[in-house]
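Chain and residue survey
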Amino acid sequence: MAVNEWINGYLEAILDSKSSNIDENKENLRGQGHFNPTKYFVEEVVTGVDETDLHRTWIKVVATRNTRERSSRLENMCWRIWHLTRKKKQLEWEDYQRDAKRKFEREQGRIDVREDMSEDMLESEKGDIGDLGESPNKTYQHNASNLETWSDDRKEKKLYIVLISLHGLVRGENMELGRDSDTGGQIKYVVELARALAKTPGVYRVDLFTRQVSSPEVDWSYGEPTEMLTAGSDDPDDEVGESSGAYIIRIPFGPRDKYLRKELLWHHIQEFVDGALAHILNMSTALGEQIGGGHPVWPYVIHGHYADAGDSAAILSGALNVPMVLTGHSLGRNKLEQLLKQGRQSKEDINSTYRIMRRIEAEELSLDAAELVITSTRQEIDEQWGLYDGFDVKLEKVLRARSRQGVDCHGRFMPRMAVIPPGMDFSRVIQEANEADGDPPLTNTEGSSPKTVPAIWSEVMRFLTNPHKPMILALSRPDPKKNLTTLLKAFGECHSLRELANLTLIMGNRDDIDEMTAGNACVLTTVLKLVDKYDLYGQVAFPKHHKQNDVPEIYRLAAKTKGVFINPALVEPFGLTLIEAAAHGLPMVATKNGGPVDIHRALNNGLLVDPHDQQGISNALLKLLSEKTLWQECQKSGWRNIHLFSWPEHCHTYLTRIASCRMRHPAWKTDTPADGMPKEESLNDSLRDVQDASLLLSIDADKSYSINDSSDGGGDIQDQVTRVMSKMKKPQSSDKVGEMNNNSKYPALRKRRKLIVIAVDCYDNKGEPEKAMISVIQETFNAIKVDAQWGKGVGVAISTAMPLSELVDFLKKGNIKVHDFDAVVCSSGSEVYYPGTCEENDELYPDPDYATHVEYRWGSDGIKKTVWKLMNTPEDKDGKSGKPSKVIEEDVRSSNSHCLSFLIKDVEKARKVDDLRQKFRMRGLRCHLMYCRNSTRMQVIPLLASRAQALRFFFVRWRLNVANMYVLLGETGDTDYEELMSGTHKTLILKGIVKTGSEELLRTSGSYYKEDIVPGESPRIAYTNATKAEDIASALIGLSKCDT
């Protein structure tokens, strides 16, 4: 078009400024003698950047008949393309800078590790950690030869295993896979894993935790609290007990009447943790009665699936002190990199849409806590987990060698990585080399086999003119990453392939394309257009609906026609469908990027292709379908090796790997709170605060109790009544809250029904506690007395960043005795005291059980050196180290064996918490960092310690449910303030008490949002402007009704 010559010239100029890969494509087109810049931009540039809006504009331009309007629209397109090109170049430059900075920081971390461990490092280790150059071709290797393989003769073991998969819709039968992006292959995997583990000798019970959804928009079954998957082992010699087997346990968290996508669940995570903790404690007690000889049976392992479940598992494993395992399934950093390279969204937009930074932080936290990370492929370790601060292949190798030889690692740790391919149930798969005699014919004709053709066969074949031709089968969601459009182009443009075979696309379930998400709708629309463009009617099938139990029949149909299964995804993390297809006798053509490489290595049943090579895809399909000998060899090879991916094989490898982890469980004696006390005292104490004695006189024939019940049900009924009545006649010697017998073996905490935790961080600009805190404490004690009925059985604890000695001195100024408290949490959660119980020579000493509990992965020497170096060595804009300056100095008075405290001398130069956390992780150090006391102190405590986790410790140790705790906070506080606001406990925020806190030192720009931790609106959070006893009491009573 002559009128568009200036446009073509303009596009030529843009082409001349493009990157080398586009220049190369341009020269290839020019070499063919018919290069057209406009066509090039539409077909190459637009497609390359996945700009669907631009493509729609081009369609409108082509359809415009008015020459002037067409020219105007083309001009508009040119400007949009030019802007897009510049934006993409800018993003590429930013990506390069990020990678360079990250490599520098990781290199600096390795140097610091080498310096800290050089004194006792072996020569071979120095070579490993001293080689700072990147080795992209070196893959992760883990020697498993020294592991004792788990075998079926371990029937004497009775393991309790916890699996967690939070998002999506989880049920055992009729799974709605493909219903949405959250209900996919992960759901099927975790359900089948739970079933398979429960059938493995040595495993007694498996609980699969997920979210309870009671919403009219989903099936009622997702609102059922419990669903049995299997009763236990199929072995008749194995004991099947009352609670054995595999179960789906649905925990309510978040709004119960709404089904939420995973990006909206983050600020409800701690609600799930507290609910799951209650179930685990009850189940551990019940299993103890059945198989534990009266001692609680703690989970053998807690296994989180995906980032949200990994975050939950990290907190749960810390509260229970049991090992944690992680499976990422898909990773946030990898997704962020891909989205940034597309150039369609900025990092801020991506974060806002996908909550990607919160997801990445959850994955980093999971690496902090996990003993083992299970992956499906080596590619996931090398190319995906290698992007994370918390995992370094080289450092992991050195630390593992030192640990094996008993050499000090100076508090450094890297989780182990294990490649365990997902399993599959082959029980229903019939493997036959020739055409199955028992299978029905493709179509029912007069005089044919009486067997009925499966409904899904008819649904597929109605699309096909000749259904007897070999079938090319693709089964995936209509996601752009699955690359189905390239497959369709390869099929449509290869006439030999079209004559030889049919193509069947199983793309999830759909009712109306317009109601689908934008990405899925775009793929389906493109599929329909390509079918029309290449006139593939009668050759391509794309049914709208299928059930989960139809999938095996679809594989059988493809195998019956001597077809091929294809997975052309741009990157496939694993490729479970490839294994399923092989089990049904289908050779494969699969992408060479990701998991299919390992599957092909094991099965050797097909060909790998470049997913971007359209011609290569069609050639591979043509080769397998046309060479019958090759097709049969691939089928037989797949069947011969498929056992490597069976569920029994998977479970044996899984349990073998877990058995090699450092096993741990709660360290205290497993006696119940009532043990060690006379029965009469135990019973009467537990009933001290009950007003209506009549409720206690209905005694069941069977002994039963709840998680918070410590009463003893033994003895004659008349004796119990006598003891109750005699005790009720005796007046209490004192009505002071928190008073208890100093000679008691157990703290008063175990007898409380409710606990008020004062965690108000009220400090002046020097970090000294303000008098307003004294007033809050006094008014809180008075508030308990305002309503006598509500105040029965209420205890009080105080939680602070101050050490005990400083807290005691401060309380004396208000004539408050430390013995008025049931528990004292000091030094930001690193120590717990029980006044009146843990005392020696009138001096309080910290709970030794809690100290043992939080000791895990605590390396104070290595941490102290690193803190000192990082804080006193500022960085410039490029991340390079500047001149040393004294930003901190040691605060000896506030430090203890599990808390390193430092005074902040220059708060303007203090690094943010998430920046420090990143650098600690790169050095293999796992700990909990925070700023406190109005930004005047920095404290570093063990990974498993915090003020929030101390509350869960009270639940686990003393059975005081977190849901019965009330936390008093100011409007701001220390950098752990957000952790204290989330969960099933109630939070009362006192306005006007705390003027300034330390929260501005928590996050750098571009990090996750506060809304990802703290729910915006919650019935469990209340505010009060007044701090008088009556106002506090009224607010607390109001909060107590939120669960009713």
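Residues numbered from 1 in each chain as written. Predicted model: local features only at pLDDT ≥ 70, side-chain atom pairs only at ≥ 80, totals over all residues. Heavy atoms only, no water.

**As for unusual backbone geometry**
Leaving glycine out, the prevailing phi sign among residues is negative, and the prevailing peptide bond configuration is trans. Phi is positive for His410, which is not a glycine, with a value near 55°. Mapping His410 onto the fold places it in the loop between helix H14 (393–404) and strand E8 (416–419). Given the relative accessible area of 19%, His410 is considered buried. (Helix = DSSP H or I, 4+ residues; strand = E, 2+ residues; numbered from the N terminus. Buried < 20%, exposed > 50% of the residue type's maximum accessible area, 1.4 Å probe, protein only.)

**Some thoughts on the nonpolar core**
Counting 102 residues, the largest nonpolar core has Ile164, Phe272 and Phe954 as its most contacted members. No other element matches helix H8 (residues 269–291), which puts 10 residues into this core. Lining this core are residues from two domains, each supplying at least three of them: domain 2 (153–405 + 414–419) and domain 4 (823–856 + 945–1041). Among residues more than four places away in sequence, those in contact with Phe954 are Leu749, Leu755, Ala823, Val825, Val832, Tyr834, Arg959, Leu960 and Met965. In terms of nonpolar packing, the next biggest core, distinct from the first, is built from 71 residues, Leu487, Cys494, Leu524 and Leu603 among them. (Core = buried A, V, L, I, M, F, W, Y, C linked by side-chain atoms within 4.5 Å. Domains from an automatic or database assignment. Contact = heavy atoms within 4.5 Å.)

**Some words on the pairing of strand E4 (residues 245–251)**
With seven of its seven residues buried, E4 lies for the most part within the structure. Alternating residues of E4 divide into Gly245, Tyr247, Ile249 and Ile251 and Ala246, Ile248 and Arg250, and every residue in both groups is buried. Bridge analysis of strand E2 (residues 203–211) against E4 gives seven bridges, and the strand direction is parallel. Counted as the bridge partner of Phe209 is Ile249 from E4. (Pairing = 2+ DSSP bridges.)

**Side note on the packing of aromatic side chains**
Counted by the stated rule, this structure contains 12 aromatic pairs. When the ring of Phe209 is compared with that of Phe272, the centres are 6.1 Å apart and the planes differ by 80°; the resulting orientation is edge-to-face. On the criterion of sequence distance, the pair formed by Phe209 in strand E2 and Phe272 in helix H8 is long-range, its members being 63 residues apart. Residue classification places Phe209 among the buried residues on the basis of a relative accessible area of 0%. Centroid distance Tyr746 to Trp958: 5.9 Å. Interplanar angle 75°. Geometry classified as edge-to-face. On the criterion of sequence distance, the pair formed by Tyr746 in the loop between helix H26 (717–728) and strand E15 (754–758) and Trp958 in helix H33 (residues 947–958) is long-range, its members being 212 residues apart. (Phe/Tyr/Trp six-rings, centres within 6.5 Å; stacked < 30°, edge-to-face > 60°.)

**A look at the packing of helix H9 (residues 306–320) against helix H12 (residues 356–369)**
Close contact between H9 and H12 brings their axes to 8 Å; oriented N to C, the two are set at 40°. Of the possible angle classes, the one that applies to H9 and H12 is oblique. In this structure, H9 crosses over H12, and the sense of that crossing is left-handed. Contact residues: Tyr306, Ala307, Gly310, Asp311, Ala314 and Ser317 in H9; Arg358, Arg359, Ala362, Glu363, Leu365, Ser366 and Ala369 in H12. (Axes fitted to C-alpha atoms, helices over the stretch in contact; angles between N-to-C directions. Parallel < 35°, antiparallel > 145°, perpendicular 65-115°, else oblique. Left-handed = near helix turned anticlockwise from the far one by under 90°.)

**Digging into the state of the cysteines**
Counted under the stated rule, the structure contains zero disulfides. Free cysteine: Cys899, not disulfide-bonded; nearest cysteine sulfur from Cys932 at 7.5 Å. (Disulfide = S-S within 2.5 Å.)

**Some points on H9**
Under the 1.5 Å per step criterion, the end-to-end length of H9 is 21 Å for 15 residues, consistent within 8% with the ideal 21 Å. Of all 15 residues in H9, 15 are buried, a share of seventy percent or more. Positioned one or two residues after H9, Asn321 has a phi angle of 60°, which is positive. (Expected span 1.5 Å × (residues − 1).)

**Observations regarding the environment of Thr837**
For Thr837, the location among the structural elements is in the loop between strand E18 (831–833) and strand E19 (839–840). Given a relative accessible area of 16%, Thr837 falls into the buried group. C-alpha of Thr837 to C-alpha of His819: the two residues are 18 residues apart in sequence and 9.7 Å apart in space.

**Section: the side chain of Asp891**
Summarising the element assignment, Asp891 is placed in the loop between strand E21 (888–890) and strand E22 (900–904). Since its relative accessible area comes to 8%, Asp891 is described here as buried. Only 2.7 Å separates the side chain of Asp891 from the side chain of Ser894, close enough to count as a polar contact. (Polar contact = N/O pair within 3.5 Å; in protein donor to acceptor, adjacent residues only side chain to side chain.)

From the geometry alone we can't say anything about function, so treat these as descriptive.
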